[in-house]
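# A look at the structure
The residues making up each chain are set out below.
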Amino acid sequence: MNNAMLSQVEVLDTRILIADDHPLFRAAMRQAMVDIVGDNITEVASFSEAYSAIEADDSLELVFLDLNMPGNEGLTGLTTLRTQFPGVLVVIVSAEEDPVLIRKAIDLGASGYIPKSTPLAEIADSEHMCHPGTCAMGVAVGGVGQQLPLS
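A brief structural summary. Keep in mind that this is a model prediction, so the values were computed, not measured.

## A few points about the overall build of the protein chain
- Each helix and strand in the protein chain was counted, giving 6 helices and 9 strands.
- Counting all 151 residues of the protein chain, 45% fall into the buried class.
- Taking all contacts inside the protein chain whose residues are at least 6 apart in sequence as the whole, residues at least 24 apart take part in 66%.
- Accessible area for the protein chain stands at about 7100 Å²; split by element, carbon and sulfur atoms hold 54% of it.

## A closer look at the nonpolar core
- In terms of nonpolar packing, the biggest core is built from 25 residues, with Leu17, Ile54, Leu65, Leu81 and Ile92 touching the most fellow members.
- At the level of secondary structure, the elements contributing two or more residues to this core comprise β1 (15-19), α3 (47-56), β3 (60-66), α4 (76-84), β6 (89-94) and α5 (99-107).
- Residue contacts for Ile54: discarding those within four places in its chain leaves Leu17, Leu60, Val63, Leu81, Phe85 and Val88.
- Core analysis: the second largest hydrophobic core is formed by 15 residues, Phe25, Ala32, Leu62 and Val93 among them.

## Topic: the packing of aromatic side chains
- Tallied over the entire structure, the rule returns 2 aromatic pairs.
- Ring geometry for Tyr51 versus Phe85: centroids 5.1 Å apart, planes at 65°, classification edge-to-face. With Tyr51 in helix α3 and Phe85 in the loop between α4 and β6, this pair connects stretches of sequence that are 34 residues apart.
- The class for Tyr51 is partly exposed, based on a relative accessible area of 22%.
- Chaining the aromatic ring pairs together yields one cluster made of Phe47, Tyr51 and Phe85.
- Just above the ring of Phe25 sits the side chain of Lys116; from NZ or CZ to the centre is 4.7 Å.

## Section: the sheet that holds β6
- Judged by pairing direction, the sheet is parallel, and its 5 strands sit side by side in the order β2-β1-β3-β6-β7 without closing on themselves. Looking along the sheet, the strands with just one partner apiece sit at the ends: β2 (41-44) and β7 (112-115). Sheet twist, expressed as the mean angle between neighbouring strand axes with direction ignored, is 20°.
- Sheet analysis places β3 next to β6, joined by 5 bridges and oriented parallel.

## A short note on the pattern of salt bridges
- Applying the stated criterion across every chain yields a total of 6 salt bridges.
- Two residues, Arg30 and Glu43, come together in a salt bridge whose shortest N-O distance is 2.5 Å. Here Arg30 is found in helix α2 (residues 23-37), whereas its partner Glu43 is found in strand β2, with 13 residues between them in sequence.
- Overall, Arg30 belongs to the partly exposed group, its relative accessible area being 26%.
- Given a relative accessible area of 29%, Glu43 falls into the partly exposed group.

## Observations concerning the pairing of β2
- With 4 bridges connecting them, β1 and β2 associate as parallel partners. Of the residues in β2, the one forming a bridge with Ile16 is Ile41.
- A crossover links β1 with its parallel partner β2, the connecting element being α2, and its sense is right-handed.

## Looking at the environment of Thr80
- Position of Thr80 among the secondary structure elements: in helix α4.
- Expressed as a C-alpha distance, the spacing of Thr80 and Tyr51, which sit 29 residues apart in the sequence, is 8.9 Å.
- Thr80 has contacts with Phe47 and Tyr51, leaving out every residue within four places of it along the chain.

Analysis parameters
Residues numbered from 1 in each chain as written. Predicted model: local features only at pLDDT ≥ 70, side-chain atom pairs only at ≥ 80, totals over all residues. Heavy atoms only, no water. Helix = DSSP H or I, 4+ residues; strand = E, 2+ residues; numbered from the N terminus. Buried < 20%, exposed > 50% of the residue type's maximum accessible area, 1.4 Å probe, protein only. Contact = heavy atoms within 4.5 Å. Areas by Shrake-Rupley, 256 points an atom, 1.4 Å probe, with all protein chains shown as cover. Core = buried A, V, L, I, M, F, W, Y, C linked by side-chain atoms within 4.5 Å. Phe/Tyr/Trp six-rings, centres within 6.5 Å; stacked < 30°, edge-to-face > 60°. Lys NZ or Arg CZ within 6 Å of the ring centre and 35° of its normal. Pairing = 2+ DSSP bridges. Axes fitted to C-alpha atoms, helices over the stretch in contact; angles between N-to-C directions. Salt bridge = Lys/Arg side-chain N within 4 Å of Asp/Glu carboxyl O. Right-handed = clockwise from strand over helix to strand, strands pointing away.

Rendered as structure tokens:
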């Protein structure tokens, strides 16, 4: 979906959390999401802040979670969030593009996996397809356009 098409999309009433320790990446994610969810975006820089934000705001529905940020090593944050907040969708965002890791993340309950090499327009498309009740987010692998099924 290009920016012209995004402008024609109705803003979703989905509240999202961007959890990443890199301010530039959070800003880029916000830019990709703002046309879709408006100002319904919270940003945090550590796993403990992410956990606290979800705990404090039960309207958060979707979390973009970096695998390697303070307080989160690998898939431990994913398993914690899926256990403690089963109604919140968690999409992993990571520089790691190992298909085995991606498959394991999906098996542990991730609603999707977005390599950080993915263009912002594709990330925005993915979020538009992934909201409570209708998550259809594909999983890009290795930047070659291969998709892993989510089921």
